[in-house]
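# Secondary and tertiary structure notes
The residues making up each chain are set out below.
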Amino acid sequence: MKKLYYSGILASDFLILGFYFLVFIFLLIFSMHLFKLQDKKSKLIILGFFVWYNALIYLDFKLNFIPYLPDSGQYNILFKTGRLFVDMSTSLNGFLYVIKGLRVLFFKNILVYISFQIFLYFISVIIFYRSWFVLYQATRPKAFEQLYFLLALSLPSAFLYHLVPLRECFTTFGFSIALYFLLKAFKNRANFNLGFVSGLFIIIMTRIQMAFYFIVGLMGLKFSLDKSIVRKFSGLLFGLFLFAGVLSLTHYKISPEQLSSVRNYRVAKYSGSYGVVEWSSYFDIVKSSPQLVGQFLFSPLPILHNQNALDMKLIFLDALFMLVIWFLILINVKKWVLNYRVWFLLMLIYLALFGIYEFNIGGAVRHRLPLSLMAILMASQFLSQGIYSFNSKMNG
């Protein structure tokens, strides 16, 4: 049975897709030039994967091999109608305005929307790459660049969550911009800049929960790593102001009882969920965090659930893929903490916040995607150094 978002697709829709594919290819090549990618092999890796991802749109339409994701239903309705619907998640209210613009731009063609998701993910992957160089250098630039793009574009969850109608690409895109300019602000000893605010705006419009990460990240960086007492407290005050502002746009109440009530309600309501908790103090949250963070990091492997991970093939492959990445980081953890402490701190904050917040097996895989890209960058640095050392020994 074909997926609902493929209903009504005609041959002419694939012709329109072909036109937009060429537009996206042109924009991708322009972006590689804009972000100063120098290595020809890296450019070929990016273009080759982009062609492959887009070919999978047609192959899935014909062969129907990509798993159906229930969440794709509401994004399909949003794109095809451009209107609110019954039982729509309130977190999609801001995203509705994004969808309204895109459905006009893409002639209400869901295939083009999926191709655009792919394009935006590729741009995000490139911005993540440039973010690394705000504070750090690559020991072996060509090997680092090639390894990173090869690994980031091979990530199994990237295939799954960008080939169905969702919003992951938008949050990843907003995340990449906010991360780049947050690091720029930190390097320049500022609390914020226009780029950081722009990234936050995209995140607020698409997944507001992600905004809290950058606000806490800003406060964490300034307070723990900035040497100036004045900048420490100005960053903390600015972060608290942002936190209160974003919180006012939501219905959230930051208390252990409220957080556990919301979590337990969602666990009971949605299939594939995990982690019923009883929180009456912040200490209770801390006690629960190791298992919750572990489940978030290694989903769908069973830690707080008893479902068979092998039944979730693509995200199971993603877990195995990331296990290798995390192993590479773990065996060099002292080096990362000493030499890459800003990057490492931002990863730890992400892991703590989203590990405790997440409640769904598939959602964990989707929502850890930015963290996975940050980890892949670190692993690529280690691998490029290791390959160079090995070649030197062999040739020495």
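Treat the numbers as computed from the prediction; the structure is a model and nothing was measured. (Residues numbered from 1 in each chain as written. Predicted model: local features only at pLDDT ≥ 70, side-chain atom pairs only at ≥ 80, totals over all residues. Heavy atoms only, no water.)

## Topic: the packing of helix α5 (residues 110–135) against helix α6 (residues 141–154)
Put simply, the test is: Axes here mean lines fitted to C-alpha atoms, for a helix over just the part in contact, with angles spanning 0 to 180 degrees between N-to-C directions. The secondary structure listing takes helices from DSSP runs of H or I that are at least 4 residues long and strands from runs of E that are at least 2 residues long, numbered from the N terminus. The crossing is said to be left-handed when, going from far helix to near helix, the turn is anticlockwise and less than a right angle, and right-handed when the turn is clockwise. By definition in these notes, contact holds between two residues if any of their heavy atoms fall within 4.5 Å. The residue classification treats Ala, Val, Leu, Ile, Met, Phe, Trp, Tyr, Cys and Pro as nonpolar and Asp, Glu, Lys and Arg as charged. All others, Gly included, are polar.
The contact between α5 and α6 brings their axes to 11 Å, and the two run at 145°. The chirality of how α5 crosses α6 is right-handed. Contact residues: Y121, F122, V125, I126, F128, Y129, W132 and F133 in α5; F144, E145, Y148, F149, A152 and L153 in α6. Split into classes, the residues belonging to the contact of α5 with α6 amount to 13 nonpolar, no polar and one charged.

## Examining the packing of aromatic side chains
In this description, a pair of aromatic rings is defined by centroid distance and the angle of the planes. Rules: Planes of paired rings set the category: under 30 degrees apart is stacked, over 60 is edge-to-face and the rest tilted, where pairs are Phe, Tyr or Trp rings (Trp by its six-membered ring) whose centres lie within 6.5 Å. Exposed residues in this analysis have more than 50% of their type's maximum accessible area, buried residues have under 20%, and partly exposed residues fall in between, with area computed by a 1.4 Å probe over protein chains only. Consider the ring centre and the ring normal. A charge sits over the ring if Lys NZ or Arg CZ is within 6 Å of that centre and within 35 degrees of that normal.
Tallied over the full model, the rule gives 46 aromatic pairs. Ring centres of Y53 and F159 lie 4.4 Å apart, and the angle between their planes is 15°; on these two criteria the pair is classed as stacked. Of this pair, Y53 sits in helix α2 (residues 40–63) while F159 sits in helix α7 (residues 156–162), placing them 106 residues apart in sequence. With respect to burial, Y53 and F159 carry one shared label: buried. Ring geometry for Y75 versus F95: centroids 5.9 Å apart, planes at 80°, classification edge-to-face. Remark: F95 occurs in helix α4 (residues 93–105) and Y75 occurs in helix α3 (residues 72–81); sequence separation between them is 20 residues. Here Y75 falls in the buried class, since its relative accessible area comes to 2%. Here the aromatic residues F19, Y20, F24, Y75, F79, F95, F106, F107, Y113, F116, F119 and F170 are joined through ring pairs into a cluster of three or more. Seen from the ring of F61, K2 lies directly overhead, with NZ or CZ sitting 4.3 Å from the centre.

## Observations concerning the packing of α2 against α6
Heads up, the rule is: These descriptions rest on fixed angle ranges, namely under 35 degrees for roughly parallel, over 145 for roughly antiparallel, 65 to 115 for roughly perpendicular, and the rest for oblique.
Between α2 and α6, the shortest axis-to-axis distance is 9 Å and the interhelical angle comes to 10°. With respect to each other, α2 and α6 are oriented roughly parallel. Across the interface between the two elements, K41, S42, I45, I46, F49 and Y53 of α2 pack against E145, Q146, F149, L150, L153 and S154 of α6. Considering only residue class, the contact of α2 with α6 consists of seven nonpolar, three polar and two charged.

## Topic: a nonpolar patch on the surface
Put simply, the rule reads: Patch building starts from residues that exceed 30% relative accessible area and form no salt bridge, then joins like charges within 9 Å and nonpolar side chains (Val, Leu, Ile, Met, Phe, Trp, Tyr) within 5 Å. Only the protein chains shown count as covering a residue, and every accessible area follows the Shrake-Rupley method with a 1.4 Å probe. Any Lys or Arg side-chain nitrogen located within 4 Å of an Asp or Glu carboxyl oxygen qualifies as a salt bridge.
Residues W52, Y58, L59, L63 and F65 make up a contiguous nonpolar surface patch of roughly 510 Å² in combined accessible area. By secondary structure assignment, the location of L63 is in helix α2.

## Examining the pattern of salt bridges
Applying the stated criterion to the full structure yields six salt bridges. Between K287 and D284 there is a salt bridge, with its nearest N and O atoms 3.8 Å apart. Of the two residues, K287 and D284 both sit in helix α13 (residues 282–298), three residues apart, roughly one turn of that helix. A residue is classified by how much of its surface remains accessible, and K287, at 53% relative accessible area, is exposed.

## Some words on α2
Where we set the bar: Multiply 1.5 Å by the residue count of a helix minus one, and that product is the helix's expected span. Here a polar contact is taken to be a pair of N or O atoms separated by no more than 3.5 Å, where protein atoms must pair a possible hydrogen donor with a possible acceptor and residues adjacent in sequence count only if both atoms sit in side chains.
When the terminal C-alpha atoms of α2 are compared, their 34 Å separation across 24 residues agrees well with the 34 Å that a helix rising 1.5 Å per residue should span. Taken together, the buried positions of α2 are occupied by S42, I45, I46, F49, F50, Y53, N54, L56, I57, D60 and F61. In this structure, the buried residues of α2 make contact with α1 (11–34), α5, α6 and α7. Taking the backbone nitrogen of K41 as reference, a side-chain oxygen 3.3 Å away marks D39 as the first, capping residue of α2. Just beyond α2, the residue with positive phi is N64, at close to 55°.

## Here we look at the nonpolar core
Nonpolar side chains in soluble globular proteins generally cluster together in the buried interior. Stated formally: We call a set of buried Ala, Val, Leu, Ile, Met, Phe, Trp, Tyr and Cys residues a nonpolar core when their side-chain atoms join them within 4.5 Å.
Counting 134 residues, the largest nonpolar core has Y121, F122, Y148, F214 and W343 as the members making the most contacts within it. Sort the elements by how many residues they give to this core and α5 lands first, with 20 residues. Residues contacting Y148, with those up to four places away along its chain left out, are V125, F128, Y129, L373, I376, L377 and S380.

## Points about unusual backbone geometry
Note the cis peptide between S299 and P300, where omega equals 10°. Structurally, P300 can be placed in the loop between α13 and α14 (313–330). Backbone geometry places K36, a non-glycine residue, at a positive phi of 60°. If you trace the backbone, K36 turns up in the loop between α1 and α2. Residue N64 is not a glycine yet carries a positive backbone phi of 55°. Among the structural elements, N64 can be located in the loop between α2 and α3.

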